[in-house]
Amino acid sequence: MDRSTVIYSDESLLNAPVTLTNCDREPIHIPGSVQPYGFLLCLHEETKRIVHASQNTQALIGMPAQELIGAGLDRLLNPAQIAEIERLCDSLTEVTKLQGARLDLVPGQPFYKIILHRYDQLLWLEFEPVEENSASVFDLPSLNVALGQMLGATSVPEFCQFAVDQIREITGFDRVVMYRFAEDASGEVVAEAKRADLDPFMGLHYPATDIPQQARAMYLKNWLRFIPDVSYVPAPLVPVLNPVSNRPPDMTYAVLRSVSPIHLEYLRNMGVAATMTISVIVDGKLWGMMTCHHLTPRLVSYELRELCLFIGKTFSALLKTKQQHDDYAYQLHIRETQVRLFEMVSRQPNFIEGLYRRSPTLLDVMECGGAAICFENEIITLGTTPTKTQIEELTAWLRENVKLDVFYTDSYVRHNPAGLAIRGVSSGVLAISLSQDSNDYIIWFRPEQIQTVTWAGKTQKAEVLQDSQLHLSPRQSFEAWKQLVDSTSAPWKPMEIEAAQEIRLHLSDVRLKIFNELQARAASLSRLNTELSRSNDELDSFAYVASHDLKEPLRGIHNYSIFLLEDYADQLDADGVSKLQTLVRLSQRMEALIESLLQLSRVGRQELQVVETNVNEVVEEVLDMLQPRFEQTQTTVTVTGTLPTIRCDRVRIREVFNNLVTNAMRYNDKPERTVTVGLASNGALGPRGTGRPEDFYVFYVQDNGIGIDPKHHETIFKIFKRLHTQDKYGGGTGAGLAIAKKMVERHEGELWVESTPGNGATFYFSLSKHL
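Along every chain, residues carry numbers that run from 1 in the direction the sequence is written. Per-residue local features are limited, in this predicted model, to residues with pLDDT of at least 70; the limit for side-chain atom pairs, both in listing and counting, is 80 or more; totals at the level of whole chains, interfaces and linings are taken over all residues. No hydrogens and no water enter the side-chain calculation; it runs on all heavy atoms of the structure.

### Some words on the overall build of the protein chain
Thinking step 1. For the protein chain, the count of helices and strands is 17 helices and 29 strands.
Thinking step 2. Each residue is placed in one exposure class: buried if its accessible area under a 1.4 Å probe, protein chains only, is under 20% of its type's maximum, exposed if it is over 50%, and partly exposed if it falls in between. Burial statistics for the protein chain: of 771 residues in total, 46% are counted as buried.
Thinking step 3. Of the contacts formed within the protein chain by residues at least 6 apart in sequence, a portion of 67% connects residues at least 24 apart.
Thinking step 4. When the accessible surface of the protein chain is split by element, carbon and sulfur atoms take 52% of a total near 38800 Å². Secondary structure elements follow DSSP: runs of H or I no shorter than four residues count as helices, runs of E no shorter than two count as strands, and numbering proceeds from the N terminus. Every residue pair with non-hydrogen atoms within 4.5 Å of one another is taken to be in contact. Throughout, the Shrake-Rupley method with a 1.4 Å probe supplies accessible areas, and for residues the shown protein chains are the sole cover considered.

Spelled out as structure tokens, the structure:
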């Protein structure tokens, strides 16, 4: 509420009883009566004649109010006092001024403080009795201490606490609280100074209905309200109606103004006997109030009240600065945390890990209960969050219903009824989208602001029976009770929303940088692959041409060596024959090597002829071809289970089985040699990870032979790499496994071995199911 707010009162209720059904329209600015601890005289602006007098003048100064109407101040004061008051009246506004005076013409000549102001075309003189010789209450050292503490406060809560401490120190009230209004006009006690034996009010919440709108509007005009005895009997004005306006005078700025009977009953139900309230106004709006309570009647002098008002206005003037200080401190925390978080993101190979692996994390950036990182179908949670299933449902809702990059709410339930299930931990949601085409989000969660709030009484107004009739009354006690606050969190501050936007932009920049780097790497790899492919083609062509062209001269050398041995052996000595035999053997060896090189080049050059192939038939063909050698070497071959029908190059896969079975038979020194061929069970994975059942077939050939030392498990697949001398285990060129490996790789698989010396070997090879 600000100063421009209309007072929604109903002057037709002027003479009607005030109840809880109409108190929100009660014309509290024209009560037509005063609190009787002083008396009131209203003077005509021009004639300075008394227009209104409070009825209690008879009790206080022995003069009936009716006799004062139409008279001048000379009924009470001497000419010098009247002249001084008239001098003050010339410059009066609604701002009060103070004049002390002895009422010389009144029996007993009592001393009064006269509080003067001008309003509603009247001059207002309010008389408060005081002791003539009372000492001044103005304590400059104490005021300096109070202001020094308030100026030195480093936060709004500390600032509030210093203020209520000083007000209680000055006035001696049993309890002083700082009462702050929320956005919904309810209030909360945010600071308290009290007698040690009293129950605390700190943290209690009060419903907005405790302070009607017309009262709030008046609090913006009149900063201080004082009731020294809530059990007073109002002293009506004589006359009640102004002769000119035909209504009671507007007492908005009157110190003695009588207050609403509903408010008095409210105070009595609290056990309060005296009260004083000071408005806290920031930028023309009612921020809160400093409220003082005393359990017995208490008259606080006007000077002390003015000192408290000075502190209240000083507090109001400084409060915005303190709030800005709190906001700046929080904003600085957010900024510093962001910088450190961004550093962590830049250091991690996987930038997402920089958001949660080390401190600070996303959870530390702003005040929240939990956070979630939803990225590439993974959900990483921090703090207190909904379950991963609930988060998936939330991200699905966000993608379907939110088109903005940033979404925030303090009540997710208002947008999606399904939010009821998670309101305890995430009534508030702040989400940033990392990609428009996926469920990639970062989400902060904020729980219900206060799941069970302690209020100072029921919001509903109680009904009671009185004099056999049903009457409405304010709540009869202030015993705390719990009221559930549904599905609403503390609101997200603009600086928090801005921080989320900055995090989103930073992560977008990081992802763009990574994307550009990957593109550059991909382009570089593409160039390298092109060059490598060209080099491989050239090498294959060279190997094919070289092997093909070398075979003819080698065949000639071999044949002529045979001819020499057949035709001229008897003409040579033993050494010459031996050399010719060596030449024949070496030419045969060279031809075998060239043939292996030719086969290897063919594997790389020729396209696969992929057809539906029954692997059982392929293996049977290999075993039939090798059967004579099995009998010669006493080798038993077993095929386990039924091998599948697959899509592959039938000829090349037959060569792979042929090579592996031949090696299994050859590299064996056991009297009885055994070889097993079969389809490997699920779980057999190659070094590069091939072998997953949904993508690959995995076959194996197992023997009980000499085995292979693990240090040679990779060497054996290199071209012309032999682990034994040529004359051992039947010779060979050392190219067979290299050729088999290349054939398998052409089928998008890999060939590997598991073996230890003396315990046989098992060769596995995987073949893609997607050829």
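### Here's the deal with the sheet that holds strand β28 (residues 751–755)
Thinking step 1. Criterion used throughout: strands pair if DSSP finds at least two bridges between them. Pairing is mixed across the open sheet formed by 5 strands, whose spatial order is β24-β26-β27-β29-β28. Here the strands that pair on one side only, and so sit at the sheet edges, are β24 (635–639) and β28. Neighbouring strand axes in the sheet, compared pairwise and without regard to direction, differ in orientation by 15 degrees on average.
Thinking step 2. Note: strand β27 (residues 696–703) against strand β29 (residues 761–768), 7 bridges, orientation antiparallel. Bridging from a neighbouring strand, Y700 pairs with Y764 of β29.
Thinking step 3. To define axes, lines are fitted to C-alpha atoms, for helices over the stretch in contact only, and angles between the resulting N-to-C directions are given on a 0 to 180 degree scale. Contacting β24, β26 (673–679) and β27, helix α15 (residues 615–633) runs over the sheet at an angle of about 165 degrees to β24.

### A few points about the sheet that holds strand β1 (residues 33–34)
Thinking step 1. Read from one edge to the other, the open sheet built from 7 strands follows the order β1-β11-β3-β2-β6-β5-β4, with strand pairing classed as antiparallel. Across the chains shown, the open sheet's two edge strands, defined by having one partner strand only, are β1 and β4 (97–102).
Thinking step 2. Judged from the 2 bridges that link them, β1 and strand β11 (residues 235–238) form a sheet pairing that is antiparallel. Bridged to V34 within β11 is A235.
Thinking step 3. In the packing of helix α3 (residues 79–89) onto the sheet, contacts are made with β4, β5 (111–119) and β6 (122–129), and the angle to β4 comes to roughly 175 degrees.
Thinking step 4. Seen against the sheet, helix α8 (residues 302–347) touches β4, β5 and β6 and runs at an angle of roughly 45 degrees to β5.

### Side note on the nonpolar core
Thinking step 1. Buried Ala, Val, Leu, Ile, Met, Phe, Trp, Tyr and Cys residues form a nonpolar core when they are joined through side-chain atoms within 4.5 Å. With 74 residues, the main nonpolar core has M178 and F315 as its most contacted residues.
Thinking step 2. With 8 residues, the single largest contributor to this core is α8.
Thinking step 3. In this structure M178 touches C160, A163, V164, E188, V189, V190, A191, V280, W287, M289, M290 and F315, once residues within four positions along its chain are discounted.
Thinking step 4. With 35 residues, the next largest nonpolar core counts L643, M665, L751 and V753 among its residues.

### As for α3
Thinking step 1. All of the buried residues along α3 are Q81, I82, I85, L88 and C89. Buried positions in α3, seen along its axis, are confined to an arc of 120 degrees and lie on one side of it. Of the residues in α3, the exposed ones pointing more than 90 degrees away from the buried face are P79 and A80.
Thinking step 2. Buried residues along α3 sit against β4, β5 and β6.
Thinking step 3. The N-cap residue of α3 is N78: its side-chain oxygen and the backbone nitrogen of A80 are 3.1 Å apart. Note: the arc covers the axis-to-C-beta directions of the helix. We define a polar contact as two N or O atoms separated by no more than 3.5 Å, with the added condition that, inside protein, one atom must be a possible hydrogen donor and the other a possible acceptor, whereas residues neighbouring each other in sequence contribute only through side-chain atom pairs.

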